Amino acid sequence: MRRGFHIALLLGLLFLGCTTTPAPKILRLGHGLDTNHPVHQAMVNLGEQLNAVSKGKLTVKIYPSGQLGAEREMLELLQIGSLDITKVSGAVLENFVPEYKVLSVPYLFKDRAHAYRVYDSDIGRQFLEKGADYRLRGLCFYDAGSRSFYTKQRPITTPQDLEGLKIRVQKSNMAVGMVKQLGGAPTPISWGELYTALQQGVVDGAENNLPSFHTSKHYEVCRFYSFDEHTAVPDVLLVGTETWRRLNAQEQQWLQEASDASTLYQRKLWVAAEKEALQTIEKAGVQINYPDKALFAAKTQAFDSLFDPASEAHRLMQAIKEIAL
Amino acid sequence: MRKQVNAILEKLLLGILTVMLLSVIWQVFSRFVLGNPSTVTDEVASFSLMWLGLYGAAYASGKRLHLAIDLIPERTIAKAPLFFHGIVAMAVVAFALVVMVVGGVNLCLVTFQLQQQSATLEIPLAYIYSAVPLSGLLIAYYSIDTFFKEKSLKQS
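Residues numbered from 1 in each chain as written. Chains lettered and ligands numbered in written order. Predicted model: local features only at pLDDT ≥ 70, side-chain atom pairs only at ≥ 80, totals over all residues. Heavy atoms only, no water.

(A) Examining the overall build of chain B more closely. Within chain B, the secondary structure is distributed over six helices and zero strands. For chain B, the α and β elements follow one another from N to C terminus as α-α-α-α-α-α. Against the globule reference of 15 Å for 156 residues, chain B gives a C-alpha radius of gyration of 20 Å, more extended than a compact globule. If one aligns the C-alpha atoms of chain B with their principal axes, the spans along those axes are about 65 × 35 × 30 Å. Counting the 156 residues in chain B, one finds 37% classified as buried. Pairs at least 24 residues apart make up 76% of the contacts formed inside chain B by residues separated by at least 6 positions. Carbon and sulfur atoms make up 74% of the accessible area of chain B, which totals about 9,600 Å². Side-chain charges in chain B split into 11 positive and 8 negative, and the spacing between the mean points of these groups amounts to 13 Å. (Helix = DSSP H or I, 4+ residues; strand = E, 2+ residues; numbered from the N terminus. Rg over C-alpha atoms; globule rule 2.2 N^0.38 Å. Buried < 20%, exposed > 50% of the residue type's maximum accessible area, 1.4 Å probe, protein only. Contact = heavy atoms within 4.5 Å. Areas by Shrake-Rupley, 256 points an atom, 1.4 Å probe, with all protein chains shown as cover. Lys, Arg positive; Asp, Glu negative; His and termini not counted. Charge placed at Lys NZ, Arg CZ, Asp CG, Glu CD.)

Here's what the structure looks like:
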């Protein structure tokens, strides 16, 4: 008798989990950044906003620090629908969506305000929607500052200073081509191996934005940071079209609005992060110099005629330039 | 048939290993001696390592050199060797066909359709990924062939 009661109780317990309210949809977001990074904090903010506006029906779970793979691998996961959202650098996207090459053109943006105007404009939207043909729908851009050279032995004041220096670049033909045109020797090395590569002299320098130079601690090895600001490739937040289609119109709107809001929030964080990075590396004794950007821009003129004049990429590049005027 | 497949696979593996070796040597040489590092060697080396691993696994399973873990005591297996070897062969074939061939073909189709390219060589990644379904086919072929050889040996 007692036994029968226990079994009945156990069976009853099994059904306790069943409720009639629909389970909240959880979107999995993977990215490769450290949790201190301003872009990570912006995505946390996105999750909070989404949770608030949907009253818990649509939430985001973040897997940071490359737990789910490198940026390229996460884009593939998005394409086959195994991952919902990811954040990658525009440079990695070039191999998936060729039009993104435009954003890696050196000295494309005149200044930060110009870049923001482009991201917020119709042209920015066209970039984001281009990805849908490749199952990667863009949600928003995150500012990734502008990239400059940092070196071990000598500061870069003119392009001639790059002569004979091995410079680490991202695995992207645009970055390789740019360093080649400036006179350096480009060497693709993965970001995680760069610290030791710099230390052991495999490469003489690298290029990145200030917060990355700071958080990666590369300033312990490289004593010179030269603000030539050659490129300003943004980060892009993307959702797989498979996931996008699974959401209803209301949920799509929530997600898009939360992304747009997080972009604005991220810009504030980014400026603060740049300031903090600059203070830290100056305190650490890194020599900072401001070379004449025109010298560098003159050397990279060839990028203007990189794209076929009839191509979509060329049209987008011209449109970006017109926004600056 | 099996001899020919072995011979082709051996030559292919030799070729891949040679390419990998040369590209790594060239990478070190161009980086430290010429001071002008090659940008493609990194990708060539990593793709040839992938191919070496996959086709090498197929070759090893043909030579029965692959890793095996004893779950069932040998005395039990000795009672009905064909039955147990059959189960093992079936498990291997099922994995090779479902995961490597079906999954691999899917992967190739998606990457081909979406035109994903490698970063520096700019070749379609679908060609590189083709090694997954192809090596899956080879593994399936080898384990079926091995099983039937054993069966005819036992029966004769």
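(B) The packing of helix α1 (residues 2-32) of chain B against helix α6 (residues 131-155) of chain B, seen in detail. Residue and element names in this part refer to chain B. The interhelical angle for the contact between α1 and α6, taken along N-to-C directions, is 145 degrees, at an axis separation of 12 Å. The hand of the α1/α6 crossing is left-handed. Taking contact as the criterion, the partners of Arg2, Val5, Asn6 and Leu9 in α1 are, on α6, Leu138, Tyr141, Tyr142, Asp145, Thr146 and Lys149. Along the lines of polarity and charge, the residues of the contact of α1 with α6 split into five nonpolar, two polar and three charged. (Axes fitted to C-alpha atoms, helices over the stretch in contact; angles between N-to-C directions. Left-handed = near helix turned anticlockwise from the far one by under 90°. Nonpolar A, V, L, I, M, F, W, Y, C, P; charged D, E, K, R; others polar.)

(C) Quick look at the sheet that holds strand β4 (residues 136-142) of chain A. All names here are of chain A. Read from one edge of the open sheet, five strands run β2-β1-β3-β10-β4, paired in mixed fashion. In this open sheet, the two edge strands, each paired with only one partner strand, are β2 (58-63) and β4. Ignoring which end each strand starts from, the neighbouring axes of this sheet average 25 degrees apart. Each of β1 (25-30), β2, β3 (85-89), β4 and β10 (235-240) is contacted by helix α2 (residues 38-53), which is oriented at about 160 degrees to β2, the strand it contacts most. (Pairing = 2+ DSSP bridges.)

(D) Here's a closer look at the layout of surface pockets. Approximately 1,400 Å³ is the volume attributed to the largest pocket. Looking at the largest pocket, it is lined by 46 residues, and the ones nearest its centre are Ala70, Glu71, Val92, Arg168 and Trp191 of chain A. Sorting the residues of the lining of the largest pocket by element identifies α3 (71-79), β3, α4 (90-93) and α9 (210-215) of chain A together with α2 (41-62) and α5 (125-129) of chain B as the ones contributing at least two each. Looking at the lining of the largest pocket, the element that brings in the most residues is α2 of chain B, giving five residues. Along the lines of polarity and charge, the residues of the lining of the largest pocket split into 16 nonpolar, 19 polar and eleven charged. (1 Å grid on protein atoms, 1.4 Å probe; cavity = no way out; pocket = protein on both sides within 12 Å on 5 of 7 lines; lining within 4 Å. Points joined across faces, edges and corners; volume = space filled by probe spheres on them.)

(E) Main features of empty space enclosed by the protein. Residue and element names in this part refer to chain A. Counting across every chain of the model gives one cavity of 30 Å³ or more. Around the largest cavity sit Ala91, Ser104, Arg147, Gln170, Ser172, Met174, Ala175, Met178, Glu207, Thr231 and Val233, which together line it. Here the lining of the largest cavity takes three residues from helix α7 (residues 173-182), the largest share from any one element. Looking at the lining of the largest cavity residue by residue, the classes come out as five nonpolar, four polar and two charged.

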